[in-house]
Amino acid sequence: MESLGSFKNVDDNGVIIVPTDKTEEMKTRLEKILASNFIVLVDYRSAGYYVLALLEEGRPKLKSWKVKYRSQEYVEALSEDYKEFVEGKQFMVLLETAFQKFRDLHNLLQTTDDYMADPEIPKQYEAIESAYKTFVSSANDAGASLEQVLTSWTHFENNMTLITTWLEEQQRITPSNVPVEILAKWKSLLESIIRDGSFLIERTYEKTATKISQRLKTLNHRWSKYVRL
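If you look the protein up in an unreviewed UniProt entry, it shows as Nesprin-1 spectrin repeats region domain-containing protein from Ranitomeya imitator. Under Subcellular location (unreviewed entry), UniProt gives the following word-for-word description of the protein: "Endomembrane system".

Shown next, in the form of structure tokens:
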């Protein structure tokens, strides 16, 4: 600032070298740089870029989790990958901490006379906040979906085995000889299998969905054939 203040802004012929408005603009910029709040602005920008970098790192993972599923084993693998990334590497904790720092610095800047009227600061904050919230929401949805699909698939396979085995054992026993409460229990299990199977059909690749659909049709046929005995 001393050098700028002592700068002789005329040449030997008395002609102005730098327009007065430009020198005033330079002074204003230097004053902001030298102001104590400038370091807060630098930290704010840095914190924002760090949040964006984390989001960029997480997006490929998010994309890999939000897909149509090929098999139960495939879902298990994706679920393990999700847990490793989110819980093992604590990615969501890092992201939340980074965004919290960014938000705190934004709030601090909004209380300073130097930057509270700067339109670029809230503009950057709103853009990064929106990207952050969208990612967090999508990541949570992906985790919940993986857990729900895995649970449904486990129930579907286990219950399918149970009812198939039971139907095979009942080949020589007519339904009229089976207690009503027992028959009702197996019918309820069948309905549960259909619900889980229908849910899986909506979330799996076409070939996988077709196989599940065919298994449900076969089971329904066997059940209908049995109860008509």
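**Some details on the pattern of salt bridges**
Applying the stated criterion across every chain, the model contains five salt bridges. Residue Lys61 pairs with Asp81 through a salt bridge whose shortest N-O separation is 2.8 Å. With Lys61 in helix 3 (residues 38-65) and Asp81 in helix 4 (residues 72-88), the pair connects residues that are 20 residues apart, well separated along the chain. With a relative accessible area of 25%, Asp81 lands in the partly exposed category. Of the charged contacts, one joins Arg203 and Glu202 as a salt bridge, the two residues approaching to 3.0 Å between their closest N and O atoms. When its relative accessible area of 27% is taken as the criterion, Arg203 is described as partly exposed.

**Focus: the confidence of the model for the protein**
Chain-level pLDDT for the protein is 88 on average; 83% of the residues reach the 70-or-more range. Across residues 1-7 the pLDDT falls below 50, and counting only partners more than four positions away or on other chains, this stretch makes nine contacts in the model.

**Notes on the packing of aromatic side chains**
On inspection of all chains with the given rule, the structure shows 13 aromatic pairs. Members of the aromatic cluster, joined through ring pairs, are Tyr44, Phe99, Phe102, Tyr125 and Tyr132. Residue placement shows Lys185 over the ring face of Trp186; its charged tip is 5.6 Å from the ring centre.

**Quick word on the packing of helix 3 against helix 4**
Between helix 3 and helix 4, whose axes approach to 10 Å, the crossing angle comes to 160°. Between helix 3 and helix 4, the angle falls in the class roughly antiparallel. At the point where helix 3 passes helix 4, the crossing takes the left-handed sense. Here helix 3 contributes Glu57, Gly58, Lys61, Ser64 and Trp65 to the contact with helix 4, which in turn contributes Leu78, Asp81, Tyr82, Phe85 and Val86. Of the residues in the contact of helix 3 with helix 4, the class split is five nonpolar, two polar and three charged.

**A closer look at the side chain of Ser138**
Examined against the element boundaries, Ser138 turns out to sit in helix 6 (residues 120-169). Sequence-distant contacts of Ser138, that is, excluding residues within four places in its chain, are made with Leu62 and Lys66.

The rules behind each value
Residues numbered from 1 in each chain as written. Predicted model: local features only at pLDDT ≥ 70, side-chain atom pairs only at ≥ 80, totals over all residues. Heavy atoms only, no water. UniProt positions renumbered as here; feature names shortened; annotations may be inferred. Salt bridge = Lys/Arg side-chain N within 4 Å of Asp/Glu carboxyl O. Helix = DSSP H or I, 4+ residues; strand = E, 2+ residues; numbered from the N terminus. Buried < 20%, exposed > 50% of the residue type's maximum accessible area, 1.4 Å probe, protein only. pLDDT = per-residue confidence, 0-100. Contact = heavy atoms within 4.5 Å. Phe/Tyr/Trp six-rings, centres within 6.5 Å; stacked < 30°, edge-to-face > 60°. Lys NZ or Arg CZ within 6 Å of the ring centre and 35° of its normal. Axes fitted to C-alpha atoms, helices over the stretch in contact; angles between N-to-C directions. Parallel < 35°, antiparallel > 145°, perpendicular 65-115°, else oblique. Left-handed = near helix turned anticlockwise from the far one by under 90°. Nonpolar A, V, L, I, M, F, W, Y, C, P; charged D, E, K, R; others polar.

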